Amino acid sequence: MTSPMIRVALAVALATSAAAVALPARAQTEISNAQIVQGLQGLTENAPVITAQNLRQAALDHLNNFPGAPLTRPPLAIQLDKLAQITVQIQFKLNSAMILPASYGALGSIADALHNPVLQGYKFIVTGNTDTTGNRQYNMKLSQERADAIVEALTTVFNVNPARLEAVGLGEESLQDTKNPESPINRRVQIFNVGPLKR
């Protein structure tokens with residue numbers, strides 16, 4: 001089993017801000033389902049219990065309670081770094097939740113991994129994240145729409161059980177590089193293993 005601290009650095013470009021421009025198809029990072037399986041397995045006893053509902057509420061509370069400049073905001077109150085996770089590059093049409101064709105290979109690799117027997121009994125949260133370019137409320141809305149689009153593609157095109165996936169838009173509330181809030185590294189999609197699927 002691998003540590004939940006393992007990061008599968010698959011890419012860092014979820015272009016969810018109003019000013020973001022989609023990357024060309026050649027920039028789409030090749031990923032394997034083996035890498036994804038490795039990143040998403042390995043829950044530990046001290047992993048926090050997180051649901052899509054409380055994560056979404058934490059992001060909204062953060063938006064409403066800390067209106068200041070990005071550098072003055074405290075971290076999101078939920079410890080996502082303790083969960084098994086991956087970060088993936090998904091390309092979208094500018095200012096839209098339409099997934100570009102270049103990203104369907106990456107989605108297929110994710111789906112293959114989620115169908116792997118090692119991960120079959122687990123539930124996952126798909127999050128959309130932005131940088132701080134553009135309007136904060138708009139970033140939250142667009143990131144939710146894009147996370148929804150990823151879940152829809154995984155469940156309808158790739159036949160992943162919908163009960164295993166939930167989408168949460170975090171907007172700019174969970175920056176990866178807090179010292180450089182407008183950096184493209186903050187524009188990303190993450191998938192978190194949140195524990196066994198309850199039957």
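Residues numbered from 1 in each chain as written. Predicted model: local features only at pLDDT ≥ 70, side-chain atom pairs only at ≥ 80, totals over all residues. Heavy atoms only, no water.

Q: Help me understand the pairing of strand 2 (residues 85-88), please; the structure alone is not making it clear to me.
A: Each regular strand carries side chains that alternate between the two faces of the sheet. Of the two faces of strand 2, both are covered, the one formed by Q85 and T87 as well as the one formed by I86 and V88. Here four bridges tie strand 2 to strand 5 (residues 188-196), and the two strands are oriented antiparallel to one another. When the bridges of strand 5 are listed, T87 appears paired with Q190. (Buried < 20%, exposed > 50% of the residue type's maximum accessible area, 1.4 Å probe, protein only. Helix = DSSP H or I, 4+ residues; strand = E, 2+ residues; numbered from the N terminus. Pairing = 2+ DSSP bridges.)

Q: What should I look at first to understand helix 3 (residues 104-114) in this one?
A: Counting along an α-helix, one turn takes 3.6 residues, and residues three or four places apart therefore face a common direction. A large share of helix 3 lies buried, amounting to eight of its 11 residues. Turning to helix 3, its buried residues number three or more, namely A106, L107, G108, S109, I110, A111, A113 and L114. On its buried face, helix 3 sits against helix 1 (33-40), strand 2, strand 3 (122-129), helix 4 (136-156), strand 4 (165-171) and strand 5. (Contact = heavy atoms within 4.5 Å.)

Q: How do you make sense of the confidence of the model for the chain when you look at a structure like this?
A: The predicted structure's coordinates, where accompanied by low pLDDT, should not be read in detail. Confidence in the prediction for the chain averages 84 pLDDT; 84% of positions are at 70 or higher. Highest mean pLDDT in the chain belongs to strand 4 (98); lowest belongs to strand 1 (residues 7-9) (33). Counting contacts from residues 1-29, a segment whose pLDDT is below 50, to residues more than four positions away or on other chains yields 93 contacts. (pLDDT = per-residue confidence, 0-100.)

Q: Help me out: how do you make sense of the environment of F158 in this one?
A: Position of F158 among the secondary structure elements: in the loop between helix 4 and strand 4. Distance from F158 to D112, taken between C-alpha atoms, is 8.4 Å for residues 46 residues apart in sequence. In contact with F158, other than residues within four places in its own chain, are Y104, L107, G108, A111, H115 and A153.

Q: Just to check I follow, could you spell out the nonpolar core for this structure?
A: The tendency in soluble globular proteins is for nonpolar side chains to be buried side by side. The biggest cluster of nonpolar side chains holds 29 residues, and the ones touching the most others in it are I90, I110, I150 and L154. Every element with two or more residues in this core is listed here: helix 1, strand 2, helix 3, strand 3, helix 4, strand 4 and strand 5. Sequence-distant contacts of L154, defined by excluding residues within four places in its chain, comprise L107, I110, A111, L114, N159, V160 and L165. Listed in part, the 16 residues of the second largest apolar core include A47, A58, A59 and L76. (Core = buried A, V, L, I, M, F, W, Y, C linked by side-chain atoms within 4.5 Å.)

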